[in-house]
Amino acid sequence: MFKKILVALDSSGLRERVFNQALELAQATGAQLMLLHVLSTYEEGSPAIPIRSYQAYYPILDDAVWQDYQNRWQEFANQRLAMLQRQADQALAAGVTVEFSQSVGDPASTICAVAKSWPADLILMGSRGRRGLSELVLGSVSNHVMHHAPCSVLVVHGGVAAQTQAPTPELVGVGPQVG
């Protein structure tokens, strides 16, 4: 069974549901958890990237805008790290061995890289249910992970269909991975 579960957490409304399912699974199997959050400028609540168009005319203004962005980014990172710490404390209180990590970068490739280096038996993550044009433009982290992960992937759905039904995770790729 699963001994090492990587839990990919973002700032969406699915975060608690993903975490709770990971915690239940870890308790049932005796697995340890790695809580992972990947900071991204595309994440909900992330500070917008500043536009640096007045640099030639107002270098002082440009520096102030950049400093403000860096301050807001650091505050964002600290808030997300505090969320990880709270959830790690919750897992410890439930008797589950847990560690956590926060990285910056592309969420999909970072999740796969951490799953490989940690080495996870299972990745548990959420899916917002993007389809069509929004998936094409914004991408689908869960879709990328399902196709590139070095282990099995359990996806907790959170799209429109999932909001009208009871949440049921989808287990993908159980067994040996090919390619």
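Reference entry: report on the structure contained in this document. Just so you know, the residues in each chain are numbered from 1, in the order the chain's sequence is written. The model is predicted, so local features are restricted to residues of pLDDT at least 70 and side-chain atom pairs to those at 80 or more, both for listing and for counting; the totals for chains, interfaces and linings are taken over all residues. In computing side-chain values, all of the structure's heavy atoms are included and hydrogens and water are not.

On to the state of the cysteines, then. A covalent bond between the sulfur atoms of two cysteines is what we call a disulfide. Two cysteine sulfur atoms make up a disulfide if the distance between them is within 2.5 Å. On inspection of all chains with the given rule, the structure shows zero disulfides. Between C151, a free cysteine, and C112, which holds the nearest cysteine sulfur, the sulfur-to-sulfur gap is 8.2 Å.

In this model, helix α1 (residues 15-29) (15 residues) spans 21 Å end to end at C-alpha, consistent with the 21 Å of a helix rising 1.5 Å per residue. When accessible area is computed with a 1.4 Å probe and restricted to protein chains, residues below 20% of their type maximum are described as buried, those above 50% as exposed, and intermediate ones as partly exposed. We count a stretch as a helix when DSSP gives it H or I for four or more residues in a row; a strand needs E for two or more, and each element gets its number in order from the N terminus. All of the buried residues along α1 are R15, V18, F19, Q21, A22, L23, A26 and T29. Backbone geometry just downstream of α1 places G30 in the positive-phi region, at approximately 75°. One less than the number of residues in a helix, times 1.5 Å, gives the span that helix is expected to have.

Along helix α3 (residues 107-117), the residues that are buried comprise P107, A108, T110, I111, C112, V114 and A115. Contacts between residues were defined by any pair of non-hydrogen atoms, one from each residue, lying within 4.5 Å. Its buried side turned inward, α3 meets β1 (4-9), β2 (32-39), β3 (98-104), β4 (122-127) and α5 (141-148).

What follows concerns the environment of F100. Inspection of the secondary structure puts F100 in strand β3. On a C-alpha basis, the gap between F100 and L6 in space is 9.4 Å, while along the polypeptide they are 94 residues apart. If we skip the residues at most four places from it in the chain, F100 touches M34, L35, L81, L84, Q85 and A88.

Another point: the pattern of salt bridges. One side-chain nitrogen of Lys or Arg within 4 Å of one carboxyl oxygen of Asp or Glu is enough to make a salt bridge. What the rule picks out here adds up to one salt bridge. Put simply, D68 and R72 hold a salt bridge, and the shortest N to O gap is 3.1 Å. Taken as a pair, D68 and R72 lie in helix α2 (residues 59-93) at a separation of four residues, close to a single helical turn. The class for D68 is partly exposed, based on a relative accessible area of 38%.

We now examine the side chain of T110. In this fold, T110 is placed in helix α3. Relative accessible area serves as the criterion here: at 14%, T110 is assigned to the buried category. Once residues lying within four places of it in the same chain are set aside, the contact partners of T110 are V38, S103 and G105.

Contact pair α3 / α5: the axes reach a minimum separation of 8 Å and the direction vectors enclose 35°. When the axes of α3 and α5 are compared, the crossing they make is right-handed. Residues P107, A108, S109, I111 and C112 of α3 touch α5, and the partners they reach there are V141, H144, V145 and H148. Class assignment for the residues of the contact of α3 with α5 results in six nonpolar, three polar and no charged. Every angle, taken between N-to-C directions, lies between 0 and 180 degrees, and every axis is a line fitted to C-alpha atoms, over only the stretch in contact when it is a helix. For a crossing to be left-handed, the near helix must be turned anticlockwise from the far one by less than a right angle; the clockwise case is right-handed. All residues other than Ala, Val, Leu, Ile, Met, Phe, Trp, Tyr, Cys, Pro, Asp, Glu, Lys and Arg, Gly among them, are scored as polar; the first ten of these are nonpolar and the last four charged.

It is worth spelling out the packing of aromatic side chains at this point. Note on ring pairs: Phe, Tyr and Trp rings are taken, using the six-membered ring of Trp, and paired if centres are within 6.5 Å. Classes follow the plane angle, with under 30 degrees stacked, over 60 edge-to-face and the rest tilted. Using the criterion set out here, one finds two aromatic pairs in the structure. Ring centres 5.4 Å apart and planes at 50° place the aromatic pair W73 and F76 in the tilted group. Taken together, the positions of W73 and F76, both in helix α2 and three residues apart, correspond to about one turn of that helix. Here the aromatic residues Y69, W73 and F76 are joined through ring pairs into a cluster of three or more. Should the NZ of a Lys or the CZ of an Arg lie within 6 Å of a ring centre and within 35 degrees of the ring normal, that charge is described as sitting over the ring. Cation over ring: K4 sits above W118, and NZ or CZ is 4.5 Å from the ring centre.

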